[in-house]
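# Structure at a glance
Below, each chain spelled out in residue letters.
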Amino acid sequence: MGLISTEKLAEGLVLASDVLDRSGRMLLASGVELTTRHIRMLMAWGIAEADIAGVDVPQQQPVASSKVDDALLQPMEEELKLIFSNVDLEHPAMAELFRLCLLRKVSGETRQA
Amino acid sequence: MRRAKPDLEHIVNNATTVYSLPLIHDRLTQAINNPKASFADITTIISEDQGLSFRILKLANSPMFGYHKNIDTITKAATIIGTQQLRDLSLAISVMGVFKGIPEELINMTSFWQHSITCGIVARILATCRREANVERFFVSGVLHDIGQLVLCTAIPEQLAELIMQCRDSGQPHYQAQGEAWGFDHSSVSGEMLSKWKIPQIIAEPVANHHSPSKAVTYPVEAATLHLSDLIAHALQAGCSGETHVPPLAEQAWDLLDIPVSMLSTILKQIDAQLDETMAILFGKEHL
């Protein structure tokens, strides 16, 4: 099982646990096989992520696509690490923030180039 | 002899004699709190200030609100956005005006307000995600959270410059260095300024505690939101208010907000769509 953000959900995936809204009301039960309608409904309800069966946690995507070569990525990662030096990158939220910021830096740089 | 330690109360008292909020803010607050005041009374007060109305209308039609450019009068804006919310927006605009003409040797104003506005936008998006009521107050607290730095810029410029340099080299969080050297940091100055201006505690308390959100006992969620927003704004490196590193996360604040990690990427995407235009409206050179 693993958490997948709603925008990445696909038809046929199976829920590993119940999907609840903020007040704890059940929207979809665990074991349900998702259909396109389900996914649209989850989006309409503002559900950010769902627990999906058979997915490995953590679902860490690589920082950048293969288009970016290491020579470009490494100095940026070093630079960003310096700025994040007071932050605990072991914390999942901070690790994700770091990844997103690096991604922005890289895509900004390639756009300029 | 070494310079005397700066005194928080003295600095704030001095600053409030120099910087005062425009009268319109008091009039608006009085009208909103007065049960006898009509809706028209409130919109009239705003409409009388052309510069303010102009910015509020531009803001109401910007991507931040997403009403597709249909709000053409203050009355319409007040109906759709709400009178309290307009008061909060006007507060952000007024305060930005108050600090015009601060010497820029230490902190570049464009950069300072870019950081502040980014923080405000992030706070507003976080609050929207959490389904908070009146998200404009989150925006305002973000825009105002670092005004203490501006006060310090004019009150004790040498001491501030020294610490900024020192932290840039050592990597120590700027607010920590201020706390160690002076016994208080810029967040207390910001908070005290807002309290002196009689800004409601729901905005002043989170601002005063944006580096120590657990100390905000009355409005912990607001303080936690502001704390995280400041951190994200620093991480994005959008503008700078004197701090060159991302401040450490208060994990309690993160736990309190209970936002899924996957939400961060959505939040960052929304910032991009809003930042440039909001910055241009609030800090733009256009005047009426």
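Residues numbered from 1 in each chain as written. Chains lettered and ligands numbered in written order. Predicted model: local features only at pLDDT ≥ 70, side-chain atom pairs only at ≥ 80, totals over all residues.

### Considerations on the interface of chain B and chain A
With 21 residues of chain B at the contact, the number on the chain A side is 19 residues. For the side of chain B that touches chain A, the secondary structure elements donating two or more residues are α14 (220–235), α15 (251–257) and α16 (263–283) of chain B. It is α16 of chain B that provides the largest number of residues to the side of chain B that touches chain A, a total of four residues. Residue classes in the side of chain B that touches chain A are distributed as 14 nonpolar, five polar and two charged. (Contact = placed C-beta atoms within 7 Å. Helix = DSSP H or I, 4+ residues; strand = E, 2+ residues; numbered from the N terminus. Nonpolar A, V, L, I, M, F, W, Y, C, P; charged D, E, K, R; others polar.)

### Re unusual backbone geometry
Residue and element names in this part refer to chain B. A positive phi angle is found at Gln237, which is not glycine, with a value near 55 degrees. Secondary-structure assignment places Gln237 in the loop between α14 and α15. Positive phi outside glycine occurs at Asp258, with the angle close to 55 degrees. Along the chain, Asp258 turns up in the loop between α15 and α16. Accessibility expressed as a C-beta count within 10 Å gives 10 for Asp258, which makes it exposed. (Buried ≥ 20, exposed ≤ 12 C-beta atoms within 10 Å, placed from the backbone.)

### What to know about helix α8 (residues 136–144) of chain B
Residue and element names in this part refer to chain B. Burial within α8 is extensive, with nine of its nine residues counted as buried. Taken residue by residue, α8 has Glu136, Arg137, Phe138, Phe139, Val140, Ser141, Gly142, Val143 and Leu144 as its buried positions. Among the structural elements, α6 (83–98), α7 (109–129), α9 (147–155), α12 (186–196), α13 (201–208) and α14 are those in contact with the buried residues of α8.

### Quick word on the packing of α8 of chain B against α14 of chain B
Axes are the key here: two packed helices are described by the angle between their axes and the distance separating the axes. Residue and element names in this part refer to chain B. α14 packs onto α8 with a crossing angle of 50 degrees between their chain directions and a minimal axis gap of 10 Å. One finds that α8 runs oblique with respect to α14. In terms of crossing hand, the pair formed by α8 and α14 is right-handed. Note on element contacts: α14 touches α8 through Glu222, Thr225, Leu226 and Ser229, opposite Phe138, Ser141 and Gly142. (Axes fitted to C-alpha atoms, helices over the stretch in contact; angles between N-to-C directions. Parallel < 35°, antiparallel > 145°, perpendicular 65-115°, else oblique. Left-handed = near helix turned anticlockwise from the far one by under 90°.)

### Observations concerning the packing of α7 of chain B against α14 of chain B
Residue and element names in this part refer to chain B. Look at α7 against α14: their axes get within 8 Å of each other, and the N-to-C directions meet at 130 degrees. Comparing their axes, α14 and α7 come out oblique. Every pair of crossing elements has a handedness; the one defined by α7 and α14 is right-handed. Residues His115, Thr118, Cys119, Val122, Ala123, Leu126 and Ala127 of α7 touch α14, and the partners they reach there are Thr225, Leu226, Leu228, Ser229, Asp230, Ile232 and Ala233.

### Quick word on the confidence of the model for chain A
Predicted confidence across chain A gives a mean pLDDT of 81, with 82% of residues reaching 70 or more. When mean pLDDT is taken per element in chain A, strand β3 (residues 26–28) of chain A scores highest with 88 and strand β1 (residues 2–5) of chain A scores lowest with 81. (pLDDT = per-residue confidence, 0-100.)

### Considering the domain arrangement of chain B
Residue and element names in this part refer to chain B. Partitioning chain B into structural domains gives domain 1 (1–19 + 106–283) and domain 2 (21–98). Averaged C-alpha coordinates put domain 1 and domain 2 at centres separated by 24 Å. At the interface, 18 residues of domain 1 touch 17 residues of domain 2. In terms of residue class, the side of domain 1 that touches domain 2 is made up of twelve nonpolar, three polar and three charged. (Domains from an automatic or database assignment.)

### Examining helix α1 (residues 8–18) of chain B
Residues and elements named next belong to chain B. Every buried residue of α1 is accounted for by Ile11, Val12 and Ala15. Down the axis of α1, the sector holding all buried residues measures 90 degrees, keeping them to one side. Across α1 from its buried face, at more than 90 degrees, point the exposed residues Glu9, His10, Asn13 and Thr17. Tucked inside the fold, the buried residues of α1 contact α9 and α12. (Arc of directions from axis to C-beta.)

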